Amino acid sequence: MSDPIQQAAGLLVQSRRTIALTGAGISVESGIPPFRGKGGLWEKIDPMKYAHIDAYERDPAEVWRVLFLGLKDTLAMAQPNHGHHGLYQLEILGVLSTVITQNIDGLHQQAGSRDVIEFHGTFAKQRCMTCRQPIPTSQVDLSVLPPRCTCGGLLRPDVVMFGEPIDMSLLQRSQMLASSCDVILVVGTSATVEPAAYLPIIAKRSGAAVVEINPEKTPLTRHTSDVTLLGEAGTTMRQLVAAIKKERLRYDSR
Ligand code: OAD
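Here we summarise the structure given alongside this text.

### A word on the site of the ligand
Near the ligand, the surroundings consist of 22 residues, among which Phe 35, Arg 36, Thr 189, Ser 190 and Asn 214 are the closest. Between the ligand and Glu 29, the relevant distance is 3.0 Å, taken from a nitrogen atom to a side-chain nitrogen or oxygen of the residue. With respect to the ligand, the backbone of Ala 233 contributes an N or O atom lying 2.8 Å from a nitrogen atom. For the ligand, the accessible surface in isolation is 800 Å², of which the surrounding protein chains cover 91%.

Dropping the structure here:
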């Protein structure tokens, strides 16, 4: 049995269409804590109390104080790491077409990735709950909470909170990509939150290979993943990109 990095590189080089699904784990090395597991945000904050749309509608100022102010500061400091850069390099190499991310941090775009589906929205924007006008988060006055639009309506982050559906067009495009790819690269997600967690299953059922990068096993590891690269995203992506470049030379010279 060849080394898993080699196996993954072989699959990716031969694939005609590869997509990636990423989660909080890819941004851990950028200083953004994940949601679940050790040091995870949901260990300290109850998501049903502070990340649910009902909670926001009930007491938006409290949700800003407990969750969003800290998140805003953390995201403002974060820079892409080797995991994000590696996915951009795969795009440049013509190996990867689209990144579907559950993250709201914008780090894939900052790293250069051009086709990024922000499945759970973005924290870079707020939108008015009355007139729907968007506004960059960096321009929002947070001296008085909750923040308000110029029309007087309540602003909210342009993210998917618990209790809210995924944007239908993003969901449909993601499902279409999952059902038509040859390989799906699943990086840094616990694969526990639907409907994102179902995308690798759709891909697998449609005949794609599933390559997973995660330091921990997930519900996908045993029955869904064809190759599991057990490790952190940054180090593993660097090894994978190097192996793909080598494999590419071998494959092209046949
Ligand atoms: P989770 O916090 O559930 O999972 C993070 C995953 O990253 C875990 O499987 C970790 O083992 C893995 N991990 C940790 N460090 C890593 C590293 N350095 N490199 C690679 N992987 C690492 O995050 P998500 O799966 O993204 O939704 O969570 C999905 C959704 O649940 C989020 O988008 C958010 C949350 O509730 C909403 O807020 C709607």
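Now that the structure has been shown, the text picks up again.
### Focus on helix α8 (residues 168-180)
With 13 residues, α8 should reach 18 Å at 1.5 Å per residue; the first-to-last C-alpha distance of 18 Å fits that figure. In this structure, the buried residues of α8 make contact with β1 (18-22), β2 (98-101), β3 (116-118) and α9 (199-205).

### So, the sheet that holds strand β5 (residues 134-136)
One open sheet accounts for three strands, arranged β5-β4-β6; its pairing is antiparallel. Of all the strands in the sheet, the pair left with one neighbour each is β5 and β6 (155-159). Taking the axes of each pair of neighbouring strands and ignoring which way they run, one obtains an average angle of 45° across the sheet. Strands in contact with helix α5 (residues 60-77) are β4 (121-128) and β6; relative to β4, the strand with the most contacts, it is inclined by about 125°.

### A short note on the state of the cysteines
Enumeration according to the criterion identifies zero disulfides in this entry. Residue Cys 149 stays outside any disulfide, its sulfur separated by 3.7 Å from that of Cys 131, the closest cysteine. For Cys 149, a relative accessible area of 12% puts it in the buried group.

### Some words on the sheet that holds β1
What links the strands of a sheet is backbone hydrogen bonding, and the strands pair in either a parallel or an antiparallel sense. An order of β3-β2-β1-β7-β8-β9 is seen for the six strands of this open sheet, with the pairing classed as parallel. Of all the strands in the sheet, just β3 and β9 (227-230) have a single pairing partner and so form its edges. Each strand of the sheet is rotated relative to its neighbour by a mean of 15°, with strand direction disregarded. In this fold α8 packs onto β1, β2 and β3, with an angle of close to 130° to the strand it touches most, β3. Against the sheet, helix α11 (residues 233-252) contacts β7 (183-187), β8 (209-214) and β9, and its axis sits at roughly 135° relative to β8.

### A closer look at the side chain of Ser 15
Counting through the fold element by element, Ser 15 comes out in the loop between α1 (4-14) and β1. The residues touching Ser 15, leaving out its near neighbours within four places in the chain, are Asp 182 and Val 183.

### Topic: the nonpolar core
Membership of the largest hydrophobic core comes to 27 residues, with the highest contact counts inside it found for Tyr 56, Leu 67, Phe 68 and Phe 123. Listed by contribution, the elements that provide at least two residues to this core are α2 (41-44), α4 (53-58), α5, β4 and β6. Here this core gets six residues from one element, more than from any other, and that element is α5. Those residues in contact with Phe 123, other than ones at most four positions away along the chain, are Trp 64, Phe 68, Leu 71, Lys 72, Leu 75, Ile 104, Thr 137, Pro 157 and Val 159. The next biggest cluster of nonpolar side chains, apart from the first, holds 26 residues, and it includes Ile 26, Val 183, Val 187 and Leu 240.

### Topic: the packing of helix α6 (residues 82-92) against α11
At their nearest, the axes of α6 and α11 sit 7 Å apart, and the two run at 25° to each other. In terms of orientation, α6 and α11 fall into the roughly parallel class. Handedness of the crossing formed by α6 with α11: left-handed. Between α6, through His 82, Gly 83, Gly 86, Leu 87, Gln 89 and Leu 90, and α11, the contact on the second element is made entirely by Ala 233, Gly 234, Met 237, Arg 238, Val 241, Ile 244 and Lys 245. Here the residues of the contact of α6 with α11 are counted per class, giving six nonpolar, five polar and two charged.

Rules of the game
Residues numbered from 1 in each chain as written. Predicted model: local features only at pLDDT ≥ 70, side-chain atom pairs only at ≥ 80, totals over all residues. Heavy atoms only, no water. Near = heavy atom within 4 Å. Polar contact = N/O pair within 3.5 Å; in protein donor to acceptor, adjacent residues only side chain to side chain. Areas by Shrake-Rupley, 256 points an atom, 1.4 Å probe, with all protein chains shown as cover. Helix = DSSP H or I, 4+ residues; strand = E, 2+ residues; numbered from the N terminus. Expected span 1.5 Å × (residues − 1). Contact = heavy atoms within 4.5 Å. Pairing = 2+ DSSP bridges. Axes fitted to C-alpha atoms, helices over the stretch in contact; angles between N-to-C directions. Disulfide = S-S within 2.5 Å. Buried < 20%, exposed > 50% of the residue type's maximum accessible area, 1.4 Å probe, protein only. Core = buried A, V, L, I, M, F, W, Y, C linked by side-chain atoms within 4.5 Å. Parallel < 35°, antiparallel > 145°, perpendicular 65-115°, else oblique. Left-handed = near helix turned anticlockwise from the far one by under 90°. Nonpolar A, V, L, I, M, F, W, Y, C, P; charged D, E, K, R; others polar.

None of this, on its own, says anything about what the molecule does.
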